[in-house]
Amino acid sequence: MEGPATREFELSLSDGASDDDMPMTLPTDSSRSGSIRKGCDPFAQTQRSKLQHRRARINQQINKEMRMRAGAENLFRATTNNKVKETVALELSFVNSNLQLLKEELEELNSNMEVYQTDSDAISVPMIPLGLKETKEVDFTVPIQDFICEHYGEDSSLYDKEIKELIELRQAMRTPSRNQAGLELLMEYYNQLYYLDQRFFSSHKNLGVHFHWYDSLTGVPSSQRALAFEKGSVLFNIGALHTQIGARQDRSGTAGIDKAIDAFQRAAGAFNYLKENFSNAPSLDMSALSLSMLVRLMVAQVQECVFERITITTQDAKFTSQLQLAQEAAQVSDVYSLVHQTMTQPLMKDYVPFSWASMVQVKSEHFRALSHYYAAAALFDHSSSSDGEECEKEADKAFPEFYVNIASGQTLSQILQDPEKRRKLGKAHLRRAVIRHEEAMRVHSLCKILRKMDILQDVLCQTHKRSLEKYLELDREDDFDETAEAPEIQAHTQQKPDISPPGFSTVQVTDIFQRLGPLSVFCARARWGPARVICLQKREGGMGLTLRGDSPVLVAGVVPGGCAEPSCCGQFLVFLY
């Protein structure tokens, strides 16, 4: 039976880890408009926000159906009346049917990639973004007020403003805008959770606040009191928002490609940090296996962007340039093939949307076809130089590691110098390219979601047509020799993806509850008793106190013969009257 997770989500990291790779502007009070924080768009009617709102509604319905199913199952186990059992069994079948329909609707929403793509007219292969985890509202008011009264011995009504600010910050981070300001908002709340943990969450007493989050892909709810669960979910959304920012970039130019590369690398860094530092995830989207899959997916999309940038910057049709494109395309194909293997593992197969697995497989076949096409283009465009030595040098430089293996009995230099051998090898590559293109189109046709993506179909059709036309040009009527099998191309890249860890220190925040006092003293770990008022009359030898520290000072010792009692030792001096 699926239900809200009850296992505690553990945290095994030192909070406040930093990275200075990405500079960010600091959020200030002046950046807010009324009650709406900068980086928050709760009323923005964009396609993305409408999709997120529909996802939130479905998550709530799934939660309701799961509660009904849990109650019906308890009744079925408890009752001994056969008539009641039959009625409950019928009700369970209806609930399970509704749950299946809701999960299918949610999967279709999660498969909707087009709303996250760029509005540019340029034709480029769509990227796979990740939707944000949804969460319920949390009211910190009563739990924090009670903790301030009991633990710190202060009037909790004096901190109503701070509590309200915390609630507004959490409410705002539920709907971040898809830009840098939205990332800063999520990071601000994440950093603020460090202070909240130190102030109000102690090992011997729980604050009593429940954090409810929904699985980003299935909508299954999870509820825990551990603040680490809240932190992990926010960090997951930071990575998810990076994927949306990367997917929306216009990749028709190098500037947009570089932004997409940076976004996907930071998404990979967030998911990788979550995988390495958090354990016992209550939801499948934050499990180690799922996060490993997401990291690999982001790395593959970075590799795809690298290929696109090299394609744009390589304007010439030089032999070595075409070979480089072929190896880059083979590298993209290999990393997507690895992602597809991860997605088809037993636990992931029924979890990952079918459209994701189909898209990854389509890309693997598509880029493998491109690698053979560019290899053929290099062979056809290569012409033997009048200077045989120079031709040999070019072959020796470009070819030694181009193929995984090659048939014995002939060298690559001999192939390059023989036009007929080059034609036959190029034709073999084109044949492989056409076969791979057709396989990509076949896999594409099997997925209903992908069939709706016109831009993806245009890319597949155009590249297939290009390879097929080139192949037909070489197909002679008197060519009775069977086309040889083209050797496998060795994958290689000029730029390996860099997983960028989250830059926590780039967004500086101020402790909302700083009026409680210095964090090193006024924290949840400290044992505080009721405040006492002590009257001391100064004598000739002074107060007789040895003080240490600052704001507040610690009574480190009592001088014998002074006006202070020995019991004052070890106490903090908070106010002087």
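So, here is what we can say about the structure in this document. (Residues numbered from 1 in each chain as written. Predicted model: local features only at pLDDT ≥ 70, side-chain atom pairs only at ≥ 80, totals over all residues. Heavy atoms only, no water.)

**As for the environment of Arg-432**
Defined as follows: Numbering goes from the N terminus for both helices and strands, where a helix is a DSSP run of H or I of at least four residues and a strand is a run of E of at least two. Each residue gets one of three labels from its accessible area relative to the maximum for its type: buried under 20%, exposed over 50%, partly exposed in between, using a 1.4 Å probe on protein chains only. Between two residues, a contact is recorded if the distance between any of their heavy atoms is within 4.5 Å.
By the element assignment, Arg-432 lies in helix α14 (residues 419–445). The exposure class of Arg-432 is buried, given its relative accessible area of 10%. Sequence separation between Arg-432 and Ser-371 is 61 residues; the distance between their C-alpha atoms is 9.6 Å. For Arg-432, the contacting residues outside a window of four places in its chain are His-372, Glu-485, Ala-486 and Glu-488.

**Examining the pairing of strand β3 (residues 221–224)**
Under the convention used in this document: If DSSP finds at least two bridges between two strands, the strands pair.
What you see with β3 is no split at all: Pro-221 and Ser-223 on one side and Ser-222 and Gln-224 on the other are buried throughout. In this structure, strand β2 (residues 211–214) lies alongside β3, joined through 4 bridges in antiparallel fashion. For Phe-211, the partnering residue across the bridge sits in β3 and is Gln-224. Linking β2 back to β3 in an antiparallel pair, the connection comprises 6 residues, with Gly-219 at a positive phi of about 80°.

**Side note on the side chain of Gln-303**
Assignment of secondary structure puts Gln-303 in helix α8 (residues 288–313). Judged by relative accessible area, Gln-303 falls into the buried class, the value being 1%. Gln-303 has contacts with Glu-328, Gln-331, Val-332, Val-335, Thr-493, Gln-495 and Pro-497, leaving out every residue within four places of it along the chain.

**Some points on the pattern of salt bridges**
The line we're drawing: Between Lys or Arg on one side and Asp or Glu on the other, a salt bridge is scored when a side-chain nitrogen of the former is within 4 Å of a carboxyl oxygen of the latter.
Applying the stated rule across the entire model yields 17 salt bridges. The partner of Arg-199 in a salt bridge is Asp-511, and the shortest N-O contact between them spans 2.6 Å. Of the two residues, Arg-199 sits in helix α5 (residues 180–200) while Asp-511 sits in the loop between α16 (454–474) and β5 (545–548), which places them 312 residues apart along the sequence. Residue Lys-363 pairs with Glu-304 through a salt bridge whose shortest N-O separation is 2.9 Å. Placement of Lys-363 in helix α11 (residues 354–381) and of Glu-304 in helix α8 is noted, with a sequence separation of 59 residues between them. Through salt bridges that share partners, Asp-334, Arg-368, Arg-431, Arg-432, Glu-485 and Glu-488 make up one connected network.

**A few points about unusual backbone geometry**
The phi angle at Asn-280 is positive, at roughly 55°, despite the residue not being glycine. In this structure, Asn-280 sits in the loop between β4 (278–279) and α8. The class for Asn-280 is partly exposed, based on a relative accessible area of 23%.

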